[in-house]
Amino acid sequence: MSIPEDTPVQQLVLLDGVVSSLASVEASIQGLQAVKAGLLSVASQIADDIAESGSHPDHGELAHRSIAAEIGAALRISDRSVQRQMGDAVELVRAYPAVHAALAEGSIGLGHVRVIVEAGETLESASDRAGYEQTVLAAARTETPSRLRVIARRAAERFQDRGLQDRHDQAAADRRVWVRELGDGMSEFGAILPTVLARGAYDRLSRMAHTVLTESVHAGADDIAVDGAAVTPATDD
């Protein structure tokens, strides 16, 4: 969307300054995020070294938890959050050094990083990851994270040395369901399962919801309660 042609010159100059300042601030934030990732990666390496020097039978789990607790106390965040961030940092710094460098220079954002790492998680060989990294990084410098996601997935497929069935079988082994309490007597129900089954369940629930709502309209009611909850049609993300 372009700026209206009748916008006063003074406002245009002011806007230009604001946009330039925001771009500079964003680049600085991205650079600091890269520094943080580097420090977290070093912290993880320290935990590995401690575990190795002490020949810990837990393969370093206690060392990582202890260091995560130290960092969590300093940053006022939970140990688990720190451990997750340490894992993400190690993946970025060690597996995608060029992406880490681009984040440090402010040419891509953390959203781009997450998309690149997530799409490339099935690439096992260093050479495949390096080729994928260079391909997708060129697009990341000019595209938004949402547009980059499709590009990254296609690029990962090109560098994938494992068959689709093999990857599906491994992914299917991680299927699960969960319930997470949201408060106020409500909970979230989720599931990870094969796409065909997920789409089937989604379609079935959506049709049930539409049927209930149609019946409620014919009955002259605003909504109809099922098991104490108003039914609303599901919507695709």
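Along every chain, residues carry numbers that run from 1 in the direction the sequence is written. Whole-chain, interface and lining totals are the exception, using all residues; otherwise, since this is a predicted model, local features are given only for residues with pLDDT of at least 70 and side-chain atom pairs are given and counted only at 80 or more. As a rule here, side-chain values cover all heavy atoms of the structure and leave hydrogens and water aside.

A closer look at helix H9 (residues 195–218)
Reasoning step 1: Helix and strand labels come from DSSP, where a helix needs a run of H or I of at least four residues and a strand needs a run of E of at least two; each type is numbered from the N terminus. In this scheme, a helix's expected span is set at 1.5 Å multiplied by one less than its residue total. Between its terminal C-alpha atoms H9 stretches 34 Å, which fits the 34 Å expected from 24 residues at 1.5 Å a residue.
Reasoning step 2: A 1.4 Å probe rolled over the protein chains alone gives each residue an accessible area, and that area as a share of the maximum for its type sets the label: buried under 20%, exposed over 50%, partly exposed in between. Along H9, the residues that are buried comprise Ser206, Ala209, Val212 and Ser216.

Examining helix H3 (residues 79–95)
Reasoning step 1: Between its terminal C-alpha atoms H3 stretches 24 Å, which fits the 24 Å expected from 17 residues at 1.5 Å a residue.
Reasoning step 2: When we look at burial in H3, the residues that qualify are Ser81, Val82, Met86, Ala89, Val90, Leu92 and Ala95.

Here's the deal with the side chain of His112
Reasoning step 1: Position of His112 relative to the elements: it lies in helix H5 (residues 110–119).
Reasoning step 2: Any pair of residues with heavy atoms lying within 4.5 Å of one another is described as a contacting pair. With near-sequence residues (within four places) excluded, His112 lies in contact with Ala140, Glu143, Thr144, Pro145 and Leu148.

Overview of a negative patch on the surface
Reasoning step 1: Like charges are joined within 9 Å and nonpolar side chains (Val, Leu, Ile, Met, Phe, Trp, Tyr) within 5 Å, but only among residues with over 30% relative accessible area and no salt bridge; these make up the patches. In these tables, accessible area is a Shrake-Rupley quantity obtained with a 1.4 Å probe, and a residue counts as shielded only by the protein chains included in the view. The rule for a salt bridge is simple: a side-chain nitrogen of Lys or Arg has to be within 4 Å of a carboxyl oxygen of Asp or Glu. The sign given to each residue is positive for Lys and Arg and negative for Asp and Glu; His and the chain ends receive no count. In this description, the location of a charge corresponds to atom NZ of lysine, CZ of arginine, CG of aspartate or CD of glutamate. Together, Asp88, Glu91, Glu118 and Glu121 make up a negatively charged patch on the protein surface.
Reasoning step 2: Topologically, Glu121 is positioned in the loop between H5 and helix H6 (126–140).
Reasoning step 3: For Glu121, a relative accessible area of 60% gives the class exposed.

Examining the packing of helix H4 (residues 97–105) against H6
Reasoning step 1: Axes here mean lines fitted to C-alpha atoms, for a helix over just the part in contact, with angles spanning 0 to 180 degrees between N-to-C directions. Contact geometry for H4 and H6: axes closest at 9 Å, N-to-C directions at 25°. Here H4 lies roughly parallel to H6, going by the angle between them. Contact residues: H4 offers Pro97, Ala98, Val99 and Ala102, while H6 offers Glu133, Gln134 and Leu137.
Reasoning step 2: By residue class, the composition of the contact of H4 with H6 is five nonpolar, one polar and one charged. Small angles under 35 degrees read as roughly parallel and large ones over 145 as roughly antiparallel, with 65 to 115 read as roughly perpendicular and the rest as oblique. Amino acids outside the nonpolar list (Ala, Val, Leu, Ile, Met, Phe, Trp, Tyr, Cys, Pro) and the charged list (Asp, Glu, Lys, Arg) are all regarded as polar, and Gly is one of them.

Examining a nonpolar patch on the surface
Reasoning step 1: A cluster of nonpolar side chains, contributed by Ile3, Leu12, Leu14, Leu15, Val18, Val19 and Leu22, occupies part of the molecular surface with about 600 Å² of accessible area.
Reasoning step 2: Structurally, Ile3 can be placed in the segment before helix H1 (9–54).
Reasoning step 3: Taking the relative accessible area as the measure of exposure, Ile3 reaches 44% and is therefore partly exposed.

Let's talk about the packing of aromatic side chains
Reasoning step 1: Two aromatic rings, drawn from Phe, Tyr or Trp (for Trp, its six-membered ring), form a pair once their centres lie within 6.5 Å of each other, and the interplanar angle then sorts them: stacked below 30 degrees, edge-to-face above 60, tilted otherwise. Within the structure shown, the criterion is met by one aromatic pair.
Reasoning step 2: Geometrically, the ring pair formed by Tyr96 and Tyr132 is edge-to-face, given 6.3 Å between the ring centres and 70° between the ring planes. Linking Tyr96 in the loop between H3 and H4 with Tyr132 in helix H6, this pair joins segments that are 36 residues apart in sequence.
Reasoning step 3: A residue is classified by how much of its surface remains accessible, and Tyr132, at 0% relative accessible area, is buried.
Reasoning step 4: Lying over the aromatic face of Tyr202, Arg199 brings its terminal NZ or CZ to 5.8 Å of the ring centre. Throughout this description, the term charge over a ring refers to an Arg CZ or Lys NZ atom that lies within 6 Å of the ring centre and within 35 degrees of the ring normal.

With respect to the pattern of salt bridges
Reasoning step 1: Taken as a whole and assessed by the stated rule, the structure comprises five salt bridges.
Reasoning step 2: Glu61 is the salt-bridge partner of Arg65, the closest N and O atoms lying 4.0 Å from each other. A residue pair is termed a helical-turn pair when its members lie 3 or 4 positions apart in one helix, as Arg65 and Glu61 do in helix H2 (residues 61–75) at four residues.
Reasoning step 3: Glu61 gets classed as partly exposed once you look at its relative accessible area, which sits at 46%.
Reasoning step 4: Put simply, Arg180 and Glu188 hold a salt bridge, and the shortest N to O gap is 3.2 Å.
Reasoning step 5: The exposure class assigned to Arg180 is partly exposed, which follows from its relative accessible area of 44%.

Looking at the side chain of Ser41
Reasoning step 1: Looking at where Ser41 falls in the secondary structure, it is placed in helix H1.
Reasoning step 2: Residue Ser41 is classed as buried on the basis of its relative accessible area, which comes to 7%.
Reasoning step 3: Residues contacting Ser41, with those up to four places away along its chain left out, are Ala89, Val90, Val93 and Arg94.

The quantities given are spatial measurements derived from coordinates; they are silent on function.
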